[in-house]
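Here is what each chain is made of, one letter per residue.
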Amino acid sequence: MPVPGHVGSDYTRLRPEFRVIENPYAPGQRVLLVPAIRCDVALVHAVVAAPDGTCLLDPMEDDALLAQASTVVLVSAERVVDRDAVLRAGPGTLLSGVHVTAVVEAPRGAHPTLVRGVYDLDARHLAEYVAAARDEEAFRAYLARYVFGPKDHAAYLELVG
Amino acid sequence: MTGYTVEELMAAVIAREVRDGETVAVGTLAPVPAAGVLLAHVSHAPRARVIILNHPDYWPFFGGSKEFYDFAQRGGLDLFFLSGAQIDRAGNLNLIAVGDPARPTVRLPGGAGAAMLYYLPRRVIVFRAEHSPRVFVERVDVTTAPGAGPPDVVRPGGPWKAVTPLCVFRFDRARAQLVVEALQPGVTREELQRQTGFPLEWAPDVTTVPPPTADELRLLRTRVRAAVARAYPRFAATAFAA
């Protein structure tokens, strides 16, 4: 994919897969090319999703792009509803179910981050995460308590309040 | 005592750069430019189109930041704002790493769209709340976004000015050089040079920035503060006086 304007940075030194070529549409001009990223798996959290994978996403995020770049796409959603209800639920970015592998209902599934218009981020929990991330042992304790500890999503939600 | 905060001063300076009718965008982690652009919007630039990333009231797109980047690549932006962990005399920005990028002293968050957004908007204002020799360096350790590009690369725009608590630089595009255009109120040439890691070049007509006016401060502390709080609640709680 071409990136206009961008030649002369250290990216071409740090990322050998980035190439500079002569622009075939404008001889004498150079342009940077970057390869598309293909992901094996994408996890995307939607506001609402239908069983066929059609879902409504946060319009400020690039989740739809991520889904289209990935082989397996797992959508969790605040609520699973029928497809017509997804199409009526806007505003937001609609993602076609064509791109989606599986859908699961997970209320507050974005915790400790937010779903705009549904719930805010959990600033206290994020502060706890940031503090734990500074230290290897504290981070392992965080993972044990919040990630590997709870037996399921409901138990996690109960733990974080 | 000056009667205003550093953030209020920088926001006022940035606001004065916004022209009415322009399309002006503010990226992520940029509360001071957001305050400046909103100040312009509620005063002299009511017809500016204002885009603020992560702001629920100033985000016009439905297709994520991809749509925003595509819009910028098409030439949709008149004015944008960037910063750098290091900024050098040639206007190069470093958002990748301090030290050798293979074994960095500090691993920085990365450039995101900076390397493209530095040239596609017609004007880009660099902002940084810390003006010190470790920020304003002779040569950045890693160039995320170069101030100037080779002549055979299309650059519709580029760096325009740099705003700090101590001064305003303008960017001389032909020579790829930051030039001191104005000192912030109360700052001396000696202090500015002491806090800058490269020998300063001075415009022939260096001036002093006019301090924020009573009107600017009133708007900043009322309407702008309330609007900024929708995207930057902690900033809104601490950056404004009174």
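Placed above this text is the structure.
Residues numbered from 1 in each chain as written. Chains lettered and ligands numbered in written order. Predicted model: local features only at pLDDT ≥ 70, side-chain atom pairs only at ≥ 80, totals over all residues. Heavy atoms only, no water.

A. Broad picture of a nonpolar patch on the surface. All names here are of chain A. A grouping of Val-41, Leu-43, Val-72 and Leu-74 is seen on the molecular surface, where their side chains present a nonpolar patch of about 340 Å² in accessible area. At the level of secondary structure, the elements contributing two or more residues to the nonpolar patch comprise β4 (39-49) and β6 (70-80). Within the fold, Val-41 resides in strand β4. Residue classification places Val-41 among the partly exposed positions, given a relative accessible area of 48%. (Patch = residues over 30% accessible without salt bridge, like charges linked within 9 Å, V, L, I, M, F, W, Y side chains within 5 Å. Areas by Shrake-Rupley, 256 points an atom, 1.4 Å probe, with all protein chains shown as cover. Salt bridge = Lys/Arg side-chain N within 4 Å of Asp/Glu carboxyl O. Helix = DSSP H or I, 4+ residues; strand = E, 2+ residues; numbered from the N terminus. Buried < 20%, exposed > 50% of the residue type's maximum accessible area, 1.4 Å probe, protein only.)

B. Structural view of the interface of chain A and chain B. Taken together, the 24 residues of chain A in the interface contact 30 residues of chain B. Here chain A meets chain B over a buried area of about 2,000 Å², counting both sides, of which 57% is carbon and sulfur. Put simply, chain A and chain B have 1 salt bridge between them. Across the chain A-chain B interface, the total number found is 8 residue pairs in polar contact (both at pLDDT 80 or more). Top contributing element to the side of chain A that touches chain B by residue count: helix α1 (residues 11-14) of chain A, with 3 residues. (Contact = heavy atoms within 4.5 Å. Buried area = accessible area lost by both parts, 1.4 Å probe. Polar contact = N/O pair within 3.5 Å; in protein donor to acceptor, adjacent residues only side chain to side chain.)

C. Just the side chain of Arg-155 of chain B, in detail. Residues and elements named next belong to chain B. As for its placement among the helices and strands, Arg-155 is situated in the loop between β9 (136-137) and β10 (158-163). At 9.5 Å, Asp-152 is the nearest oppositely charged side chain to Arg-155, a buried residue that forms no salt bridge. From its side chain, Arg-155 meets the backbone oxygen of Gly-147 in a polar contact 3.0 Å long. (Lys, Arg positive; Asp, Glu negative; His and termini not counted.)

D. Just empty space enclosed by the protein, in detail. Residue and element names in this part refer to chain B. For the structure shown, the criterion picks out 1 cavity of 30 Å³ or more. Estimates place the volume of the largest cavity at around 40 Å³. Sorting elements by how many residues they give to the lining of the largest cavity places β10 first, with 3 residues. When grouped by side-chain class, the residues that make up the lining of the largest cavity number 7 nonpolar, 1 polar and 1 charged. (1 Å grid on protein atoms, 1.4 Å probe; cavity = no way out; pocket = protein on both sides within 12 Å on 5 of 7 lines; lining within 4 Å. Points joined across faces, edges and corners; volume = space filled by probe spheres on them. Nonpolar A, V, L, I, M, F, W, Y, C, P; charged D, E, K, R; others polar.)

E. Spatial organisation of the sheet that holds strand β4 (residues 86-88) of chain B. Residues and elements named next belong to chain B. Pairing within the open sheet is mixed, and its 3 strands lie in the order β5-β4-β9. Edge positions in the open sheet fall to β5 (93-94) and β9, since each of these has one partner strand only. As paired elements, β4 and β9 share 2 bridges and run parallel to each other. By the bridge assignment for β9, Ile-87 is matched with Phe-136. (Pairing = 2+ DSSP bridges.)

None of this, on its own, says anything about what the molecule does.
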